[in-house]
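# Observations on chain architecture
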Amino acid sequence: MTTAPAPTPAARRPRWRQRAGHQHRAGPLTRLLLGLAALVSLFPLYWNVVAASHSGERVVTAPVPLLPGRRLFDNLAFAWNQVDLGRALVNTTVVAGLVALSTVLFSTLAGFAFARLPFRGRGALLSLVVATMAIPPQLSVIPLYRLVTDLGWVDQLQSVALPSLVAAFGVFFMRQYLVEALPAELVEAARMDGAHSLRVVWHVVFPVARPAMAVLGMLVFVQAWNDFFWPFIALTPDGNPTLQVALAGLGAGNHSVDQAIVLTGALISTLPLLLVFAVLGRHIVGGITAGAVKN
C-alpha cells in the first residue's frame, strides 16, 4: 500500500503568505476599496472647483451645488487681481523653497552627526533638540517679533524664512533614517581611504540619505507653503505677503465675504502643490522604495 507523498513546504504555506520578492495582485475587492478611497479623497478638491465656478450666493444656498457652473474664469480673474496673488505666489515659492532647502541640508548634517559621529553629550543634546518640539510656537511670537522689529525686517520675507531654516523634527527624522541606512563600517572605510569630513558627507552621506531628504523636503515645503500664523504677524496683506496672508483678505466686501472668491483663492493656492506632487511624487516613492530594500 502506497502512501501519499508528504506535502512540500510550499504546499503547506498558507495562501495569504507569499514568498519574499513575490508580488501580490490586487483582486476586485481591493480595486473597489482603492477606488472608493480615491473618490473620497478627491471629492473636496472637486467641490472646491465646483464652488469656485458659482457665485457667492449660490455656494451658501441649500442645497449646495454639485455640478460646475459658468463663473470659474471670472472668479479666477477677480481673485487674482483683488489681492495681487501673482506676487504672493512668487513670495511663497521663494520662502517655501528656501526653507525646504535649508532644512534638508542642516537636518541631514545634524542627523549624520547624531547618528555616526561620537562626541561627548550626544545623547543629552539630542534629547534637548527633541524636547524643543514640545514647545508651542505661540510662546516665541513676542520675542521673535521684537527681534524682527529691531532688525527692521517687518513686512520683509527674511522675517518669515530665517526663523524656519532648520527644524527639530527634521534633525530627528534624518538621524533616525541614517542610523538604519548608513552603516558605521561605510563611514570608517571612507575615513581609511583618506576622505575628510566634507568628502564623507558629499560622497557617502548624501547618496545614502537621498530618499529621506526628498521626503523631508516635500514635507517641509508643504508646511512652509501653508504656514499662516507667523507670516500673518510679520507680513501685511498690502505690503509683501505670502499666499496664505494674501488669502486672508480675499473676498471681503462691504458687509459680507464672498465665499466663492475665497474658495477660488484656495483653489489657486492648491494647484502648485498638486503640480509638485504630480511631477515629483513618483520619484519620491521610488526613492523610498529603493532606500528600504536591503541586499
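Residues numbered from 1 in each chain as written. Predicted model: local features only at pLDDT ≥ 70, side-chain atom pairs only at ≥ 80, totals over all residues. Heavy atoms only, no water.

Within the protein, the regular secondary structure consists of 14 helices and 0 strands. Ordered by position from the N terminus, the helices and strands of the protein form the series α-α-α-α-α-α-α-α-α-α-α-α-α-α. Looking at the protein as a whole, 32% of its 295 residues are labelled buried. Surface summary for the protein: the accessible area is close to 19,100 Å², and the carbon and sulfur share equals 66%. (Helix = DSSP H or I, 4+ residues; strand = E, 2+ residues; numbered from the N terminus. Buried < 20%, exposed > 50% of the residue type's maximum accessible area, 1.4 Å probe, protein only. Areas by Shrake-Rupley, 256 points an atom, 1.4 Å probe, with all protein chains shown as cover.)

This next bit is on the nonpolar core. By size, the foremost hydrophobic cluster in this structure holds 49 residues, and its most contacted members are Leu85, Phe112, Leu178, Leu182, Val200, Trp225 and Leu243. For this core, the element with the most residues is helix α11 (residues 197-226), which contributes 16 residues. Leave out the neighbours within four places in its chain, and Leu85 touches Ala79, Trp80, Leu243, Ala246, Leu247 and Ile268. Counting residues in each nonpolar core, the second largest holds 5 residues, with Phe114, Leu126, Val129 and Ala168 among its members. (Core = buried A, V, L, I, M, F, W, Y, C linked by side-chain atoms within 4.5 Å. Contact = heavy atoms within 4.5 Å.)

The next subject is the packing of helix α9 (residues 168-181) against α11. Where α9 meets α11, the axes come as close as 10 Å, and the angle between the chain directions of the two elements is 145 degrees. In this structure, the crossing between α9 and α11 has a hand that is right-handed. Of the residues in α11, those in contact with Phe169, Gly170, Phe173, Met174, Tyr177, Leu178 and Ala181 of α9 are Val205, Val208, Ala209, Pro211, Ala212, Met213, Val215, Leu216 and Leu219. Grouping the constituent residues of the contact of α9 with α11 by class yields 15 nonpolar, 1 polar and no charged. (Axes fitted to C-alpha atoms, helices over the stretch in contact; angles between N-to-C directions. Left-handed = near helix turned anticlockwise from the far one by under 90°. Nonpolar A, V, L, I, M, F, W, Y, C, P; charged D, E, K, R; others polar.)

It is worth spelling out the side chain of Asn91 at this point. Along the chain, Asn91 falls in helix α5 (residues 85-116). A relative accessible area of 8% places Asn91 in the buried class. The residues touching Asn91, leaving out its near neighbours within four places in the chain, are Leu157, Asn240, Pro241 and Thr242.

Turning next to the confidence of the model for the protein. Scored by pLDDT, the protein has a mean of 83; 85% of the residues are at 70 or more. Ranking the elements of the protein by mean pLDDT puts helix α1 (residues 9-12) last with 52 and α5 first with 92. Taken together, the stretch residues 291-295 has pLDDT below 50 and engages in 2 contacts with residues farther than four places along the chain or on a different chain. (pLDDT = per-residue confidence, 0-100.)

To continue, consider helix α2 (residues 28-52). Given a rise of 1.5 Å per residue, 25 residues ought to cover 36 Å, and the 36 Å separating the end C-alpha atoms of α2 matches this to within 8%. Within α2, the full set of buried residues consists of Asn48, Val50, Ala51 and Ala52. (Expected span 1.5 Å × (residues − 1).)

Among the structural elements, Val99 can be located in helix α5. On the basis of relative accessibility, which here comes to 3%, the residue Val99 falls in the buried class. On a C-alpha basis, the gap between Val99 and Val220 in space is 7.3 Å, while along the polypeptide they are 121 residues apart. Aside from chain neighbours lying at most four places away, what touches Val99 is Ala161, Ser164, Val220 and Ala224.

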